[in-house]
Amino acid sequence: MAVSGPIARCVSDLKISLAAMAAPDPRDSWYVGMSLSGPEYPKRAAMTLAPDEMPVDDTICAAILEAAEKLKDAGWTVDEVEYRPCCTSRVEFGPSLTLDGFSLRPLSLECQVS
């Protein structure tokens, strides 16, 4: 299985793993030194309960609202937004093999730019 980053069971383990992976190695000609932390940024998230006015099961809505509350408790601003798709025509998907494994990729996509 090809993976493009560390795998862990918790965020603190990911932090340790990423730091180890990002350490300089004289054998790595692709190495670029850079900080693994950045400046503080506003923590904002957008959510929608009924994308494109589709019917959504109550358990899904409850889970989304619960996640939004957890984000708010962690100091995030969560805004409920109306989902308006940019694509007005049908999207055809086809199989594609990537380094990460099998995935579906758009074969054709016609979007209306507003």
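It should be emphasised that the depicted structure is a prediction, and the values quoted were computed from it without experimental measurement.

What counts, and at which threshold
Residues numbered from 1 in each chain as written. Predicted model: local features only at pLDDT ≥ 70, side-chain atom pairs only at ≥ 80, totals over all residues. Heavy atoms only, no water. Helix = DSSP H or I, 4+ residues; strand = E, 2+ residues; numbered from the N terminus. Buried < 20%, exposed > 50% of the residue type's maximum accessible area, 1.4 Å probe, protein only. Contact = heavy atoms within 4.5 Å. Areas by Shrake-Rupley, 256 points an atom, 1.4 Å probe, with all protein chains shown as cover. Salt bridge = Lys/Arg side-chain N within 4 Å of Asp/Glu carboxyl O. 1 Å grid on protein atoms, 1.4 Å probe; cavity = no way out; pocket = protein on both sides within 12 Å on 5 of 7 lines; lining within 4 Å. Points joined across faces, edges and corners; volume = space filled by probe spheres on them. Nonpolar A, V, L, I, M, F, W, Y, C, P; charged D, E, K, R; others polar. pLDDT = per-residue confidence, 0-100. Patch = residues over 30% accessible without salt bridge, like charges linked within 9 Å, V, L, I, M, F, W, Y side chains within 5 Å. Phe/Tyr/Trp six-rings, centres within 6.5 Å; stacked < 30°, edge-to-face > 60°. Lys NZ or Arg CZ within 6 Å of the ring centre and 35° of its normal. Expected span 1.5 Å × (residues − 1). Pairing = 2+ DSSP bridges. Right-handed = clockwise from strand over helix to strand, strands pointing away.

1. Let's talk about the overall build of the protein chain
Phase 1 of the analysis: Along the backbone of the protein chain there are two helices and four strands.
Phase 2 of the analysis: Taking all 114 residues of the protein chain together, 6% fall into the buried category.
Phase 3 of the analysis: Relative to all contacts within the protein chain whose residues are 6 or more apart in sequence, the contacts with residues 24 or more apart total 36%.
Phase 4 of the analysis: For the protein chain, the accessible surface area stands at approximately 10100 Å², while carbon and sulfur atoms represent 58% of it.

2. Description of the pattern of salt bridges
Phase 1 of the analysis: By the definition in use, this model includes five salt bridges.
Phase 2 of the analysis: Between D25 and R27 there is a salt bridge, with the nearest N and O atoms lying 2.8 Å from each other.
Phase 3 of the analysis: Classification of D25 by relative accessible area gives partly exposed; the value is 26%.
Phase 4 of the analysis: Look at R27 and you get exposed, because its relative accessible area is 73%.
Phase 5 of the analysis: With its nearest N and O atoms 3.8 Å apart, the salt bridge here joins K43 to E40.
Phase 6 of the analysis: Residue class for E40 comes out exposed when judged on its relative accessible area of 70%.

3. So, the layout of surface pockets
The rolling of a water-molecule-sized probe over the atoms marks out the regions of remaining empty space.
Phase 1 of the analysis: Of the pockets and cavities examined, the largest pocket occupies roughly 150 Å³.
Phase 2 of the analysis: Grouping the amino acids of the lining of the largest pocket by side-chain chemistry returns eight nonpolar, two polar and no charged.

4. A few points about the confidence of the model for the protein chain
Phase 1 of the analysis: With 70% of its residues at a pLDDT of 70 or more, the protein chain has an overall mean of 78.
Phase 2 of the analysis: Element-level mean pLDDT values for the protein chain span from 50 in strand 4 (residues 101-108) up to 95 in helix 2 (residues 58-73).
Phase 3 of the analysis: Per-residue pLDDT stays below 50 along residues 106-114; that stretch engages in 18 contacts with residues further than four places along the chain or on separate chains.

5. Comments concerning a nonpolar patch on the surface
Phase 1 of the analysis: Nonpolar side chains collect at one region of the surface, where L18, M21 and L36 lie side by side and expose about 290 Å² of accessible area between them.
Phase 2 of the analysis: Relative to the helices and strands, L18 resides in helix 1 (residues 11-21).

6. So, the packing of aromatic side chains
Phase 1 of the analysis: Summed over all chains, the structure comprises zero aromatic pairs.
Phase 2 of the analysis: The ring of Y41 has K43 sitting right over it, with the charged end atom 5.8 Å from the ring centre.

7. Some details on helix 2
Phase 1 of the analysis: An ideal rise of 1.5 Å per residue puts 22 Å on 16 residues; helix 2 measures up with 22 Å between its terminal C-alpha atoms.
Phase 2 of the analysis: Two residues or fewer past helix 2, G75 is found with a positive phi of approximately 100°.

8. Examining the environment of I16
Phase 1 of the analysis: Position of I16 among the secondary structure elements: in helix 1.
Phase 2 of the analysis: Look at I16 and you get exposed, because its relative accessible area is 60%.
Phase 3 of the analysis: In this structure, the C-alpha to C-alpha distance between I16 and P6, residues ten residues apart in sequence, is 9.4 Å.

9. A word on the pairing of strand 2 (residues 77-80)
Phase 1 of the analysis: Across four bridges, the pairing between strand 1 (residues 44-47) and strand 2 is parallel. Following the sheet pairing, A46 is matched in strand 2 by D79.
Phase 2 of the analysis: For the crossover that starts at strand 1, traverses helix 2 and ends in the parallel strand 2, the hand is right-handed.

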